[in-house]
Amino acid sequence: MAIRVYRRVNFRYRLLLAIFTGKQIVFDFSEEAHHSKLLKPNEISLLRLLDRITSGTQLQLDEAQRLITVQPGVLIGGNFTHHCSTCRGLTYYLEFLALLAPYCKRPLEVTLTGVTAHPLDTTVDTFQNVTISLLRKLGLGKDCSLKIKKRDSSSNGLGEVLFTCPIMLKALEPIEWKERQEIKRIRGVAYCSRIPPHIANQLIDNSRNILCEYLADIFIYSDWNPGGTDLPSVSLSLFAETSNGFVLGTDCSWKGKDWNEEILSSVSQEATQAILLQAIENSVVDTNHQLFICLWMALSSADLSTVELGRLTPCTIQLLRDIQDFMGVAFQIERGSKNNFPSVLCSCIGMEYRNENRRRY
Amino acid sequence: MEATSVPHHKPKTGKKAALKKASAKAERKLRSLGLEQVSHPNVPKKEKKAVSGPLGMQRKIKASAEKEMLRAHLAVPDRTGGHEAPRVVVVMGPKGVGKSTIIRCLVKHYTKKKVGEIVGPITVASGGKKRLSFLEVDGELPSMIDAAKIADLVLLVIDVSFGFEMETFEFLNICSVHGMPRVIGVLTHLDKIREGKKMKKMKKHMKNRFTNEITQGAKLFCFSGLTVGGEYLKREVQNLARFISVTKFKIITWRNEHGYILVDRLEDKTEESKDDNFGRTVAFFGYLHGTYLRFPRGSNFKMHLPGVGDVTVDDVAQLPDPCPLPYKEDGSSRRRKLSDKERAIHAPMGEISGISYDQDAIYINLPNQTVRLTGNIQPESEGEVMIRDLQQIKSSIDEKLQSGKLEILRQSLVNENSHSEDLSNSTEFLEDDASDIDSQEGCKENSLKEISDNGSEDQLENDAERTRFGLGSKNENERIIGKWKVAKDDLQVDSRPRNLTKWIYDKRLHPDEVCLKDLSSFIPSGSMETDCSRFVVTSQCNLLKDPNLKKRFSNSELVEENEDHSYESSQDDFTDEVSEYSSNDDSDVNKETFSDLSSEDSSPDEDNEDAASADSQEERIMKKTEKKMQFDAAYDAGALDKMSSEEDMSFDEAWKLRLAERESKRKQKLANLDEESRQMMEGFPPGTYLRLQVKDIPEDFMRYFNPFSPLILGAVKIGEEQFCHIRARLKRHRWKKGLLKCSDPLIFSVGWRRFQSIPVYSSEDQNGRNRYLKYTPEHLHCDATFFGPRMALGTGVICFQRLDGPNTSNFRVAASGYISEVNGDFNIVKKLKLVGEPLKVFKNSAFIRGMFHSDLEVSKYLGAKIRTVSGIRGAIKKPLKSPPGAFRATFEDKILMSDIVFLRAWVKVFLESYCVDVQDRLCPPSSEIRHLMKTLRELRVVQQIPIPRNEDSEYRTIDERPEQRYFRPLYMPPSLQATLPFSSKPKLIPAKEKQRLSSLEKEMSAVMDPKERKEQKMFQMLNTIRNERNKKRKMANKARLEVKRKEMEREEAERQQRIDERRKRRYTLRGAAKKRQKIID
C-alpha cells in the first residue's frame, strides 16, 4: 500500500517514516512551482545515501523526475564514505543518519564529505554537542560519536566528518523528559575562514556581551581556517546546558562575497537571541530537535512517553500529522503549566519499533 | 500385651551373609595394615557433619543459583488488557472422539442451554469477569494451524479405545511453534474398554506419553462414559470446568503485539446491483483479542484473513457487547454464583435457544408446545422476548422510513466514533490508498486548492528565508502579524485552548496557520520545504526586556540580589551549584557533553575565590544546616529505608516494579482523556466487540464459506506488509518422511500468514560463507532463505509440503524453526569447479585450454588461483589468441601434460522472489487448493515423466585399466642433502645400497672356533627337529579337517533331502486342498 505525498515538505522525515514503516512512498512534485519540480541535488544525494545504507531499496523516477517512488529496503549500515551535495550542510545528512543508525544491521561508521556550516542547516558543532548528547541519552553510549576531521564551507565540499553509531537491540524505553531546569552554562564554537582570525573573537565578544547579563559560565571557542575555500564564511554555534543535563543548541552561519561589521554583528546577534529564545521556552530540546524527539517518542515502546517541548514549528506539526498517517501514533498536545515560559506537553503511546534488521543467533 | 524382644537373627547363609563376611574380612585386613575403614556399599556410612567443607558449600550455592537462573524469565509487559477479551478454548481432536459432546456439556454447565450442532465459536460468560469462547477443531491442517494461533487453552480430546492419533501430535507441534497455550488432555471412550486391568494400564500409558509430550504435571482428565442422554457425567464436566476456571493463561509474544478478531458472525454487505465476480463487501463481527487495535489514520488499513490473504478494512465500528461480563468494572458484586440472567451466551453462527443468524436475517425458532404468544406471561427465552417486541410494534418499517429520519447502521456508528468529520472534510495532502485512483484524483484537486489557498504563505516562507539576516523586514512582519490577527479573530471563542491536539491534527489548517495561531511574536524561519525546524526572532519581539528571561539562568537570582557586588562573587556561588548537581544522575552526561571541548569547564575567573564575601558564606552554612534537618526528618520517616530496599531488589523485581509504574502512568493519562482522543491514542482495547467492513473479498469466499473452521482477522503490524528475503533457522521434523529438497516449494506458516514460497537451504561455514545445501540435513538445523512478508525476529515458523491432499498416515509437519534475519539480498554460494587441461607445458608456465569459452571469460578471471590434481598451485595470467578460451598460466612447479587443472570458484545462488498466499478458503472444502506450485516430483507424477538418467552418472565395470605410469625416483643432490637438518634427511637406505652391503658380507667369511661350531650345530639340529614336527602336525591337521568336511557335507546333504521331502509333501497337500476348494466352488 503506497502512500502518496504531494508538495515538497519534510522530504527527509517523510522518507524516514517510509523506511521505518516499510511502506512504499510516492513523492509527487508535479504540482510544485515550476522551478522546484525536479529533485534538488541535496535530495538526490540523500537518496544515494539511503541506497548505501539499505539493501533492496527500489527507487523509481518517471522521465520528468516529478514522480519519485521509493520502496525502502532493509537497513544494513556498515562502513563507507559518502560525498554529500554541497547544496546543504553536512548536518542535513547527519541528522538523517542519526535517526536511522540505531536500527541498522551493523554499526554505522560513515565518513561524510561536504559543507560543515551552511546557512540553512545547523553546524556540525551543534550536531556534535547537542544531537550526539541526545543520542547518548537514549542509551547508545560512548560509541556514538562525531569526529570533525576537516572544516570547510565552500562549494568544493572539502569538509569531512566521521560519524559512528552502534545499533540498538531493544525498543526505546518510553521517553519522559520534563521540567527542564535553568541553564547553568553556555559553551560555543565560533568559526571563520578566509577572514582574519580576530573576527572570530569579535563574534565571541558580541555574543558574550549579551549573555553576560544572564550567566557567568560562558566559554566560546574559536576556530579558524586560513584558506582553501572560495568564499569567506563565518559561523557561531552556542550550546546551553541546563542543570538537569539537557543541552540546547543554536547557531547561525553566513557565507558571502563581502563581509562587513554589520553582517558579523547580525550573525552573533541572531545566534545569541536564538539561544535566549530557547532559554525562555520551557523545552527540553531546542526547536531543531523537536522532530527528533517526536519521532523517537513514536518509535518507543508501547507505554506513555511525555516530553515538554517549546512552541511547535510548522515542520514538527507536519511531522506529527505524517506520523499519524504512517504509523497510526497520535499525540496528545497540551499547553505547559508554567505560563511565563511557553511550552507544550506532548505525550503519546509508541508503536514499539524494534531493530528487526539485526541478526539473531 | 507383653512385649517380647526377640534378638535380630543374623543371616548365616545366602547372599547377604556372604557380603557381610567379605566386608568383615576386608575390614580386618585393613585394620591389620593399620588403615582406616573405607566406605563400602554395604557398610552404613558415617553420619554427615553439620558443617560440610568449604567446597561442598560452594558447590551447593552454585547449583541452587544455576537452578534459579534457569527458571528466571524477564517479565514481559502485558498488553492484552487482562481478562477483558474472552479466552479462546480450542477443543481439538480427530473425527469421532467426542469434541462436540464436550462443548455441549460445558456450555450446558455454564449457561444451562442446549446447543445443537457446534457451528462457529460459542462465547459464554463463565464467571463474574470471565468469558470463554469455545471452538471445535478437527484434523484439517488449515483449521488446526489457525486454531493454534489463537488458542488460550487447548482441550485435547483423545479416544482411549483407539489411542493417540497423528493429528494430536501435529497439533501440539504447531502449537509449540506459534506459542504454546495451556493444554488439558481429555480421555474419552473409556467405557469401551471392559477389562479393569487393561483400562488401568491404558490410562497409565496415556498419562506417561502425554506428560512426555507436553510437560511434567500436565493435566489429563478421564471421562468415564456417557449418560443415557448422550452426555458426559455431570460431576466430571464440573471438574473440568473448575479446572478451566483456575487456569492461568500465558502471555504469548505474538498475541501481545498483534490484535486479532475471532470472527463469530459475518454478513455480505455487497450492493445488490453489483454483480462483479471480484469484490464482495463483507462485514466481520467478533471480539478483539490480543492487544490494542491501532491503525494509521484514513481508516483504510490492512488486516490478514488467513486462507484469503491481506484485506483492506474499510470501516471499523465498536458494537454493544452481545455477551457482556456479568459484573461491572467496580466489582461491587461479590456473589459466588451467577444468576440465570447473567449466564449470557453468544453463538450467532449456530442455533442456540431458538435464534439463528443468517447472512441477512435472523430466524427465531420456537417449539410450539412450549410458548404461548398471547396473554401476559413472562417471556422466558431470548427468542420469545423478540417475538413479543415485534408484536408491540405499531407502525411498519415503510411508514417509519417515510416519516422519520433514517439512521443507517453504518453512519450512526461512524458518528459514534471519531473521524467522520475529518473524512468528510478532508483536504489532505496525504492519501493512504494509492490503489484507489478515484480518490487520488479527488485528493489532487483538493491539494491544488490548498496550494492556491496557501500560496501567500508559501511566499511567506520564502521571504522569511531570504530576509533571515535582516531579522525580517518590517513590511513582511506586519503582513504576517496582520494575517495572524485575522486568524485569531476567526477563532476568538477558543483562541488559546489548553489542548492543542485538535488544531494540530486538523488537516484543514496548514501547519503554518496552526503555528501562527499559537504564536505571538515569532515566525518560523526554516520552511517545511527545506526541512528546517527553527524560529527566528522578529524585530517586534522584546525578548531581551522580558523580565522572566533572567529566571531561566541558574545564577540569575544572585545577579539580581547582588547587583552592587562584584561579578566574581556570584561566580563563586555558581561553581558551588555545579558541584552540587554533579552528584546527580545526569552528571556523567553533563561531563560528557562538553568533553569534545577543552577541559576548561570551570569559569575563567576561578582564582578570585578569596573575594567571596562573608555573608554569602553565612548563607551557605544556613543552607547546609537546612539540608541536614531535611535529611534527619527523612531518615526518621523511614524514607531512606525504602530507598535502600529498592536498591537491594533483584533486577527482576526492580524491572517488574518499573513495568507496573509505566502501566499506572499510562492508565492515569488515558483515564483523563475523553473517549475520542483515548481511542486515537491507544486504539480499540481488547475485549471490545467490533464490526469490520472489508471490501474486495473474492466471491468464492462467501460461496465456499465453511463455518466449521475458525475464521481469524489478524492485525498486520506496521512494517509487516513489506516483502523481503527472510532467513529462518529450520529443522526438518524427525517424523517427516524423506528429506526436503532445495528449491522445492514449501508452505510456511508464520505469524497470521500461511504462504507458499521457495526456500534455499544453506549452512554457514566457519569463515562466514553461506554454503548452498541440496537437501536439509538429518537431525540438524540449517538456514532456509525464502521470500516473504517481513516478520519480527524470533517468530516461529512451521512448514508443510501440502495443506490439502488425501488423508495420510505420514506426519504432515515438514519442518519448524524461527526467523533469524531479514535482508534485501542474501549471499548464498555454491561451489563451482572449472576444469581444463594443458595444451602445452613450458618450464613453470603452461597453456591451459578447455576451461573457458572465450577471451572475455578469461579476462574476467585474470589472476584467479588454479591448481592441478597433484596440488601444484598457479594463477591465470593472460588469454591466448587461439584456441578461444585458452590462457597462459604460471605454476609453482612444472606440471605434466597429463595433469588436470581446475579452478575452484563460488557462485551466488539466485533466490526466487516467489510468495503466494494459501487461499484454502476460496476453494470448496476438502478439495485441492488452487494457485499453488507443485514440487518437481509431483509434476513428474502428474505428467508421467520418468526421472531423467544421466549415462555418465551410472556405475559400470571398468574393463581396461588406465595406462600404468612409471615415475623416476626423487633424486636429491648430495650437496642439498648435506645441508638439510637431520629430521629432513632421507633415512631409508635405497635398495641398491643395501645390495651392495650384503654382497660385501658374502665376500667376507667367518672363522669359528670349535665351541662356536658346536653351538651352531646344536642350534641347527634343534631347528630341524622343530621344523619336522611342525610339518607333521600340519599334515595331520589337514587330514583331520578333510574328514570333518566330508562328514559335514554328508550331513548337509541329508538335511537338505529331508527339507525337500517335507516341502514336497506340504505342497502336494496344499495343491490337493486347493483343488478340492475349486471343485466345491
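Residues numbered from 1 in each chain as written. Chains lettered and ligands numbered in written order. Predicted model: local features only at pLDDT ≥ 70, side-chain atom pairs only at ≥ 80, totals over all residues. Heavy atoms only, no water.

**Q** Help me get a handle on the overall build of chain B, residues and values and all.
**A** Counting secondary structure elements, chain B contains 30 helices and 33 strands. In chain B, which comprises 1081 residues, the proportion classed as buried is 39%. Expressed as a percentage of contacts within chain B between residues at least 6 apart in sequence, the contacts between residues at least 24 apart total 71%. Looking at chain B as shown, the accessible area adds up to about 68,800 Å², and 52% of this sits on carbon and sulfur atoms. (Helix = DSSP H or I, 4+ residues; strand = E, 2+ residues; numbered from the N terminus. Buried < 20%, exposed > 50% of the residue type's maximum accessible area, 1.4 Å probe, protein only. Contact = heavy atoms within 4.5 Å. Areas by Shrake-Rupley, 256 points an atom, 1.4 Å probe, with all protein chains shown as cover.)

**Q** Which residues make up the packing of helix α7 (residues 290-299) of chain A against helix α8 (residues 314-327) of chain A, and what values go with them?
**A** Two quantities define a packed helix pair, namely the angle between the axes and the distance from one axis to the other. Residues and elements named next belong to chain A. Interhelical geometry of α7 versus α8 gives an angle of 20° and a closest axis separation of 10 Å. By the criterion of interaxial angle, the relationship of α7 to α8 is roughly parallel. For the pair α7 and α8, the crossing hand works out as right-handed. Only Cys315, Thr316, Leu319, Leu320, Ile323 and Met327 of α8 make contact with α7, whose side of the interface consists of Gln290, Leu291, Cys294, Leu295, Ala298 and Leu299. Its residues assigned to classes, the contact of α7 with α8 comprises ten nonpolar, two polar and no charged. (Axes fitted to C-alpha atoms, helices over the stretch in contact; angles between N-to-C directions. Parallel < 35°, antiparallel > 145°, perpendicular 65-115°, else oblique. Left-handed = near helix turned anticlockwise from the far one by under 90°. Nonpolar A, V, L, I, M, F, W, Y, C, P; charged D, E, K, R; others polar.)

**Q** Lay out the pairing of strand β29 (residues 865-868) of chain B with the relevant residues and their values.
**A** All names here are of chain B. Where burial is concerned, the two faces of β29 differ: the one with Ile866 and Thr868 is buried and the one with Lys865 and Arg867 is not. Here β29 runs beside strand β30 (residues 873-879); their pairing, made up of three bridges, is antiparallel. Of the residues in β30, the one forming a bridge with Lys865 is Ala875. As paired elements, β29 and strand β32 (residues 901-908) share two bridges and run antiparallel to each other. Counterpart to Thr868 in the pairing with β32 is Val901. (Pairing = 2+ DSSP bridges.)

**Q** Outline the nonpolar core, listing residues and values.
**A** Membership of the largest hydrophobic core comes to 93 residues, with the highest contact counts inside it found for A:Leu112, A:Phe163, A:Trp296, A:Met327 and A:Phe331. The next biggest cluster of nonpolar side chains, apart from the first, holds 75 residues, and it includes B:Leu187, B:Ile726, B:Cys742 and B:Phe786. (Core = buried A, V, L, I, M, F, W, Y, C linked by side-chain atoms within 4.5 Å.)

**Q** Please set out the confidence of the model for chain B residue by residue, giving values where relevant.
**A** All names here are of chain B. Confidence along chain B averages 79 in pLDDT terms, with 73% of residues attaining 70 or more. Confidence drops under pLDDT 50 across residues 406-477; counting only partners more than four residues distant or on other chains, this segment forms 120 contacts. When the criterion is pLDDT under 50, residues 556-612 qualifies, and its contacts beyond four places in sequence or with other chains add up to 62 contacts. This complex was scored by the predictor with a pTM of 0.75 and an ipTM of 0.92. (pLDDT = per-residue confidence, 0-100.)

**Q** Any details on the UniProt feature "domain: Bms1-type G" (unreviewed entry) in chain B? Residues and values, ideally.
**A** Residues given the UniProt feature "domain: Bms1-type G" (unreviewed entry) here are residues 85-250 of chain B. What you have in residues 85-250 of chain B is 40% helix and 23% strand, and the ends, taken at the C-alpha atoms, are 14 Å apart. (UniProt positions renumbered as here; feature names shortened; annotations may be inferred.)

**Q** Run through the pattern of salt bridges, naming residues and quoting values.
**A** Counted under the stated rule, the structure contains 59 salt bridges over all chains. The closest approach of N and O atoms between B:Arg678 and B:Glu682, which form a salt bridge, is 3.3 Å. Of this pair, B:Arg678 and B:Glu682 both sit in helix α24 (residues 675-682), four residues apart, which is roughly one turn of that helix. The exposure class of B:Arg678 is partly exposed, given its relative accessible area of 28%. The residue B:Arg802 makes a salt bridge to B:Glu938 at a minimum N-O spacing of 3.6 Å. Highlighted residues: B:Arg802 in the loop between β25 (796-800) and β26 (813-823) and B:Glu938 in helix α27 (residues 936-943), separated in sequence by 136 residues. What makes B:Glu938 partly exposed here is its relative accessible area of 24%. Through salt bridges that share partners, A:Glu173, A:Asp303, A:Glu352, A:Arg354, B:Arg79, B:Glu257, B:Arg658, B:Arg662 and B:Lys717 make up one connected network. (Salt bridge = Lys/Arg side-chain N within 4 Å of Asp/Glu carboxyl O.)

**Q** Run through the environment of B:Glu928, naming residues and quoting values.
**A** Residues and elements named next belong to chain B. Checked against the element boundaries, Glu928 lands in the loop between β33 (915-917) and α27. Look at Glu928 and you get partly exposed, because its relative accessible area is 46%. The spatial distance from the C-alpha of Glu928 to the C-alpha of Gly805 is 6.4 Å, given a sequence separation of 123 residues. With near-sequence residues (within four places) excluded, Glu928 lies in contact with Arg802, Asp804, Cys923 and Lys934. Only 3.4 Å separates the side chain of Glu928 from the side chain of Lys934, close enough to count as a polar contact. (Polar contact = N/O pair within 3.5 Å; in protein donor to acceptor, adjacent residues only side chain to side chain.)

**Q** Tell me about the environment of A:Ser237, residues and numbers included.
**A** Residue and element names in this part refer to chain A. Here Ser237 lies in strand β14 (residues 233-242). Distance from Ser237 to Lys170, taken between C-alpha atoms, is 34 Å for residues 67 residues apart in sequence. In this structure Ser237 touches Thr123, Asp125, Thr126, Arg187, Gly188, Val189, Thr250 and Asp251, once residues within four positions along its chain are discounted.

**Q** Report on a positive patch on the surface, specifying residues and quantitative values.
**A** A cluster of basic side chains, namely B:Arg1058, B:Arg1062, B:Arg1063, B:Arg1065, B:Arg1066, B:Arg1070, B:Lys1074 and B:Lys1078, defines a positive patch on the protein surface. Within the secondary structure layout, B:Arg1065 lies in helix α30 (residues 1010-1080). (Patch = residues over 30% accessible without salt bridge, like charges linked within 9 Å, V, L, I, M, F, W, Y side chains within 5 Å. Lys, Arg positive; Asp, Glu negative; His and termini not counted. Charge placed at Lys NZ, Arg CZ, Asp CG, Glu CD.)

**Q** Now, about the side chain of A:Asp286: what can you tell me, with residues and values included?
**A** Residue and element names in this part refer to chain A. Looking at where Asp286 falls in the secondary structure, it is placed in the loop between α6 (261-280) and α7. Residue classification places Asp286 among the buried positions, given a relative accessible area of 1%. Among the polar contacts made by the side chain of Asp286, one reaches the main-chain amide nitrogen of Gly249 at a distance of 2.7 Å. Setting aside chain neighbours within four positions, we find Asp286 in contact with Val130, Val247, Leu248, Gly249 and Gln278.

**Q** Report on the environment of A:Ala240, specifying residues and quantitative values.
**A** Residue and element names in this part refer to chain A. Of note, Ala240 is situated in strand β14. In this structure Ala240 comes out as buried when scored by relative accessible area, which is 0%. In this structure the C-alpha to C-alpha distance between Ala240 and Leu276, which are 36 residues apart in sequence, comes to 9.4 Å. Look past the residues within four positions of Ala240 in its chain and what remains in contact with it is Ile183, Arg185, Ile186, Phe246, Val247, Leu248 and Ile275.

**Q** How would you sum up the packing of aromatic side chains? Please name residues and give values.
**A** All names here are of chain B. Throughout the structure, instances matching the rule amount to 31 aromatic pairs over all chains. Measuring from ring centre to ring centre gives 6.1 Å for Phe284 and Phe701, while their planes differ by 55°; the resulting arrangement is tilted. Of the two residues, Phe284 is situated in strand β8 (residues 278-290) and Phe701 in helix α25 (residues 699-703); the sequence distance between them amounts to 417 residues. One aromatic cluster is present, built from ring pairs that chain together Phe164, Phe169, Trp735 and Phe811. Here Lys833 stacks its cationic end above the ring of Phe902, 5.0 Å away from the centre of that ring. Its end group placed over the ring of Tyr1067, Arg1066 keeps NZ or CZ at 5.7 Å from the ring centre. (Phe/Tyr/Trp six-rings, centres within 6.5 Å; stacked < 30°, edge-to-face > 60°. Lys NZ or Arg CZ within 6 Å of the ring centre and 35° of its normal.)

**Q** Outline the sheet that holds strand β5 (residues 182-188) of chain B, supporting the account with residue identities and numerical values.
**A** Within a sheet, adjacent strands bond to each other through the backbone by hydrogen bonds, running parallel or antiparallel. Residue and element names in this part refer to chain B. One open sheet accounts for seven strands, arranged β6-β5-β4-β1-β3-β2-β11; its pairing is mixed. Of all strands in the sheet, those bounded by a partner on one side alone are β6 (219-222) and β11 (345-346). Two elements, β5 and β6, share four bridges in a ladder whose sense is parallel. Residue pairing for β6: Ile184 is matched across the bridge by Lys219. Sheet strands in contact with helix α7 (residues 234-246) are β3 (130-137), β4 (153-159), β5 and β6, and its direction is about 160° off that of β6.

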